[in-house]
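If you want the building blocks of each chain, they are given just below.
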Amino acid sequence: MNRSLFTLPRMDTATTGAYDGVRTASRSLATEAVHAGRDDLARQGLHAPPIDLSTTYPSYDSRAEAARIDAFATDGADPVGPPVYGRLGNPTVARFETALARLEGTESAVAFASGMAALSAVLLARAAMDLRHVVAVRPLYGCSDHLLTAGLLGTEVTWTDPAGITDALRPDTGLVMVESPANPTLAELDLRAVAHACGSVPLLADNTFATPVLQRPAEHGARMVLHSATKYLGGHGDVLAGVVACDEEFAGRLRQIRFATGGVLHPLAGYLLLRGLSTLPVRVRAASANAAELARRLAADPRVARVHYPRIGGAMIAFEVHGDPHETISRVRLVTPAVSLGSVDTLIQHPASISHRIVDADDRRGAGVSDRLLRLSVGLEDVDDLWADLDHALGESVRSPAPLREAVG
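Residues numbered from 1 in each chain as written. Predicted model: local features only at pLDDT ≥ 70, side-chain atom pairs only at ≥ 80, totals over all residues. Heavy atoms only, no water.

### Remarks on the pattern of salt bridges
So, step 1. In total, this model carries 19 salt bridges according to the counting rule given.
So, step 2. Between arginine 102 and aspartate 39 there is a salt bridge, and its shortest N-O distance comes to 3.5 Å. On the criterion of sequence distance, the pair formed by arginine 102 in helix H4 (residues 91-104) and aspartate 39 in the loop between helix H2 (29-35) and helix H3 (62-75) is long-range, its members being 63 residues apart. For the pair arginine 102 and aspartate 39, one class covers both residues: buried.
So, step 3. Note that arginine 303 and aspartate 391 form a salt bridge whose closest N and O atoms lie 2.5 Å from each other. Of the two residues, arginine 303 is situated in the loop between helix H12 (280-299) and strand E10 (304-308) and aspartate 391 in helix H15 (residues 383-394); the sequence distance between them amounts to 88 residues.
So, step 4. Of the residues examined, aspartate 391 reaches a relative accessible area of 35% and is grouped as partly exposed.
So, step 5. Counted as one network, the salt bridges with shared partners bring together Arg27, Glu32, Asp39 and Arg102. (Salt bridge = Lys/Arg side-chain N within 4 Å of Asp/Glu carboxyl O. Helix = DSSP H or I, 4+ residues; strand = E, 2+ residues; numbered from the N terminus. Buried < 20%, exposed > 50% of the residue type's maximum accessible area, 1.4 Å probe, protein only.)

This is the structure:
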């Protein structure tokens, strides 16, 4: 049983509709997934969390409202009292943030309109402190790689392997960024060793693939935990969101960036994410069981050159085929050929053509993203049905790698 000690933070019920006191409870992850962000509902005579769609809120005390806005401008803390404006915060979104922080074991979490908006806010917050340099380990999600490499937000990146992190640090290094298991190769890092190598520089760990069900990076020394909440946290392919779990001090800076740049999460998305968290452990474990079995069958198949499946498990598989990967994708019928991942249905895509197309071809291949690599996000279908579809899609056996019809990269 995965049990941790969770301390519920004090939250003003007028602001968030959430907690009106502090209590400590030892509850399993599965229980927290169901109840975090909802503990106050029964006292209010509610069962499902309400959705607050208001963009603005009445205030008959403009002096008090001005004081609360001044306080927010100082440290980015959630305004005490009733909500002010949707860009400052939203009660429904706050419930999701509270729940995700509890699941990741951090003081706070701040939600954004997408995973890339969340990462952008982190980079902007560090740059505002004159810490524009980033040390990063490949592979990362393709758009994360591009954002860092292109310097679109005025940052500078040094790419290194885990052993070179300490030597790559500079006085203006604002953070070290890693992803484990990595997108799309599923390469794993020793997060505790990486955090030690960072010294006083905060480690940002992208935990999208693992989710807090499989690992909690904060327990290994990561100061920031990034999620594309679009994926497993939402879990049904119908919400776009991102979130950063971190300490309250940095959360305040992120809220200020979110307010200034407008990358806010819509309340309906916050509601869907909170609902998604309630089934997260069940979905991840069931999909992981399917993935482990498919990885076993793929590894034994002569049409497959190599299978990548992480030691911690999970619902993601990457595999390299002897044949043409584009032909494999074209033949699936049950599996959906589409970008993204983490939904209840199984998705397949060719990273070199899509998710990592924006990364320089040499950098991409150097990070292990070969032109024959396929990424499979395994869902909740019957595993035999999934295998029948993959078996058909892989086609006939080939004795040697077939030439690709299209030059990728």
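### Topic: the packing of helix H5 (residues 115-127) against helix H10 (residues 248-261)
So, step 1. Their axes nearest at 9 Å, the elements H5 and H10 cross at an angle of 105°. Considering their axes alone, H5 and H10 lie roughly perpendicular with respect to each other. On H10, the residues that touch Ala121, Val122, Leu124, Ala125 and Arg126 of H5 are Phe250, Arg253, Leu254, Ile257 and Thr261. (Axes fitted to C-alpha atoms, helices over the stretch in contact; angles between N-to-C directions. Parallel < 35°, antiparallel > 145°, perpendicular 65-115°, else oblique. Contact = heavy atoms within 4.5 Å.)

### Quick word on the UniProt feature "modified residue: N6-(pyridoxal phosphate)lysine" (unreviewed entry) in the protein chain
So, step 1. Within this structure's numbering, the places UniProt gives as "modified residue: N6-(pyridoxal phosphate)lysine" (unreviewed entry) are Lys231.
So, step 2. Along the chain, the position of lysine 231 falls in the loop between strand E8 (224-227) and strand E9 (242-246).
So, step 3. Residue classification places lysine 231 among the buried positions, given a relative accessible area of 15%.
So, step 4. Residue contacts for lysine 231: discarding those within four places in its chain leaves Thr208, Ser340, Leu341 and Gly342. (UniProt positions renumbered as here; feature names shortened; annotations may be inferred.)

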